[in-house]
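# Geometric and topological summary
As a plain string of letters, each chain reads:
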Amino acid sequence: MIGPLSALINTTGFIYLTPGMIFMWVIGLVLIFLAIKKEYEPLLLLPIGFGILLANLPLSGLMTPEHGLLWKFYEYGIHWEIIPPLIFLGIGAFTDFGPLLANPRLIFLGAGAQAGVYLTFFAAHAMGFNIMEAATIGIIGGADGPTTIFLASKLAPQLLGACAVAAYSYMAMVPIIQPPIMRLMTTEAERKIRMKKGRRVTKREKLLFPIVSTFLIILLVPASAPLIAMLMLGNLFREAQVVERLKNTAQNELMNIVTIFLGLPIGATMNADVFLQPKVLFIFGLGLCAFMVSTATGILLAKGMNLFSKDKINPLLGAAGVSAVPMAARVVHKVGMQADKKNYLLMYAMGPNVAGVIGTVIAAGIFVTLLSS
Amino acid sequence: MSAGFVFIGGISGVFFGMMLIYLSIKITALITDRFPEGSKEDPS
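Residues numbered from 1 in each chain as written. Chains lettered and ligands numbered in written order. Predicted model: local features only at pLDDT ≥ 70, side-chain atom pairs only at ≥ 80, totals over all residues.

### Considering the overall build of chain B
Each helix and strand counted, chain B has one helix and zero strands in total. In chain B, which comprises 44 residues, the proportion classed as buried is 23%. (Helix = DSSP H or I, 4+ residues; strand = E, 2+ residues; numbered from the N terminus. Buried ≥ 20, exposed ≤ 12 C-beta atoms within 10 Å, placed from the backbone.)

Quick look at the structure:
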């Protein structure tokens, strides 16, 4: 009698539970709570949180190589680099490069904000992370979830879950993290600077931009091709105005589907054995530093450009150089309005904001080029 | 590959890439100004 009962109990997951798994449940539930109650990046944090719960249920086999359902999502969606580029297709279909084309010099603010990525890379390497892991941690500073996932899956898959959660968490916390840095680094007078109106952008320019920039960026950094190609194809759908169905699909149905298949397997990579290590805390700490430094370097670059420019740039725009679109641009607008209620910075901030997306992809492509050989 | 090389190469690479895009925007603007949409000289 005892034998069969014991065998029956052994087939359940209860006796294989560990304290680490239960701790991971708490983390998963916290993410689900933040997604539902606080609406912090709910589209990603909700499936990630649920994926964490699933990954920490013993004997489920969901992440068993070759057979597990979530392993297949991970392997064929993320490891094969299919899902992040598809997300970029949707982002491209959403993105209006008009504000960037109207004020092309603002593109450099998108580059300035990437300095935080490289400074944090250097700091992470100095703290003992290997060079691949350091690059993956540094890219969190770009505040771009799909690019972080793309780079992590290529260079440091063992850090994928932690880096993705850090990136999406900090993207959600842009309105909390950025304003104090913006106020600290700018004077009241600087925040009141009004931008000169940008030039008119023709439809043809908007149409040519995704084609020309695809050529230039991929020729310069071939490793960035999967992300840039999809980003610009999505944008071409948008600007061509003859493929509304494709544009709408890329923006809505496709984006929603791939978001589901992105979040779940990311959460599922976070099992207790992999995640509960001291270095994960360092990843979150360094990721936060990367994001803060990126904000600061963007502002500093805007101030530097003002030294040589007749038409002054409101330095707050530098903070929009991180690629959390459009959250960072909205925060710039809000902080600008607090200094001058009639200073509308949103459209100007969208320029460096979309430049930040391109800049982060180039930064990731350079990491891949230099490190994966 | 040393971290210092990646650091310097990375930052300069990003700025160089942005410079190329900046130039391409400027050149495209020059062309579209020269051949405004609907003009007789419009090559399209």
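### Observations regarding the overall build of chain A
Counting its regular elements, chain A contains 21 helices and zero strands. The principal-axis extents of the C-alpha atoms in chain A amount to approximately 90 × 45 × 40 Å. When each of the 373 residues of chain A is scored for burial, the buried share is 54%. Across chain A, contacts joining residues at least 24 apart in sequence account for 74% of those joining residues at least 6 apart. (Contact = placed C-beta atoms within 7 Å.)

### Considering helix α9 (residues 131-138) of chain A
For the α-helix, the turn length of 3.6 residues means that residues three or four positions removed from each other point alike. Residue and element names in this part refer to chain A. Of all eight residues making up α9, seven are buried, and the element is well covered by its neighbours. All of the buried residues in α9 are Met132, Glu133, Ala134, Ala135, Thr136, Ile137 and Gly138. Tucked inside the fold, the buried residues of α9 contact α8 (115-126), α10 (145-155), α11 (160-172), α19 (278-307) and α21 (346-371).

### Brief notes about the interface of chain B and chain A
Between chain B and chain A, the residue contacts involve 22 residues of the former and 32 residues of the latter. Of the residues that constitute the side of chain B that touches chain A, the class distribution is 13 nonpolar, seven polar and two charged. (Nonpolar A, V, L, I, M, F, W, Y, C, P; charged D, E, K, R; others polar.)

### Observations concerning unusual backbone geometry
Phi is mostly negative for residues that are not glycine, and the peptide bonds are mostly trans. Residues and elements named next belong to chain A. Omega for the peptide link from Val325 to Pro326 comes to -10°, which places this bond in the cis form. Along the chain, Pro326 falls in the loop between α19 and α20 (327-339). A positive phi is found at Glu39, a non-glycine position, where the angle reads about 55°. Along the polypeptide, Glu39 turns up in the loop between α2 (19-37) and α3 (42-55). Positive phi, normally seen in glycine, also occurs at Glu41, with a value near 40°. Tracing the backbone shows Glu41 in the loop between α2 and α3.

### Regarding the confidence of the model for chain B
Summing up the model confidence of chain B, the mean pLDDT is 82 and the portion of residues at 70 or higher is 82%. Reported confidences for the modelled complex are a pTM of 0.89 and an ipTM of 0.84. (pLDDT = per-residue confidence, 0-100.)

### Quick notes on the environment of Pro315 of chain A
All names here are of chain A. When you line up the elements, Pro315 lands in the loop between α19 and α20. Separated by 34 residues in sequence, Pro315 and Ala349 have C-alpha atoms that sit 10 Å apart. Excluding anything up to four places from it in sequence, Pro315 contacts Thr186, Glu190, Ile299, Ala302 and Lys303.

### Considerations on the environment of Pro326 of chain A
All names here are of chain A. Overall, Pro326 belongs to the partly exposed group, with 18 C-beta atoms counted inside 10 Å. For the pair Pro326 and Thr360, spaced 34 residues apart in sequence, the C-alpha separation works out to 15 Å. Leave out the neighbours within four places in its chain, and Pro326 touches Met350 and Asn353.

### Some details on the packing of α11 of chain A against α19 of chain A
Two numbers describe a pair of packed helices, the interaxial angle and the distance between the axes. Residues and elements named next belong to chain A. Packing of α11 against α19 leaves a shortest axis separation of 10 Å and a crossing angle of 40°. The way α11 lies across α19 gives a crossing that is right-handed. Between α11 and α19, the contacting residues are Ala162, Cys163, Ala166, Ala167 and Tyr170 on the first element and Val280, Ile283, Phe284, Gly287, Leu288 and Phe291 on the second. Class assignment for the residues of the contact of α11 with α19 results in ten nonpolar, one polar and no charged. (Axes fitted to C-alpha atoms, helices over the stretch in contact; angles between N-to-C directions. Left-handed = near helix turned anticlockwise from the far one by under 90°.)

### Points about α21 of chain A
Between its first and last C-alpha, α21 of chain A extends 37 Å over 26 residues, near the 38 Å set by a 1.5 Å rise per residue. In terms of burial, α21 of chain A is largely enclosed, as 22 of its 26 residues are buried. (Expected span 1.5 Å × (residues − 1).)

### A short note on the environment of Ile32 of chain A
Residues and elements named next belong to chain A. Within the secondary structure, Ile32 sits in helix α2. Between the C-alpha atoms of Ile32 and Met171, which are 139 residues apart in sequence, the distance is 16 Å. Setting aside residues up to four positions removed in sequence, Ile32 forms contacts with Leu46, Gly49 and Phe50.

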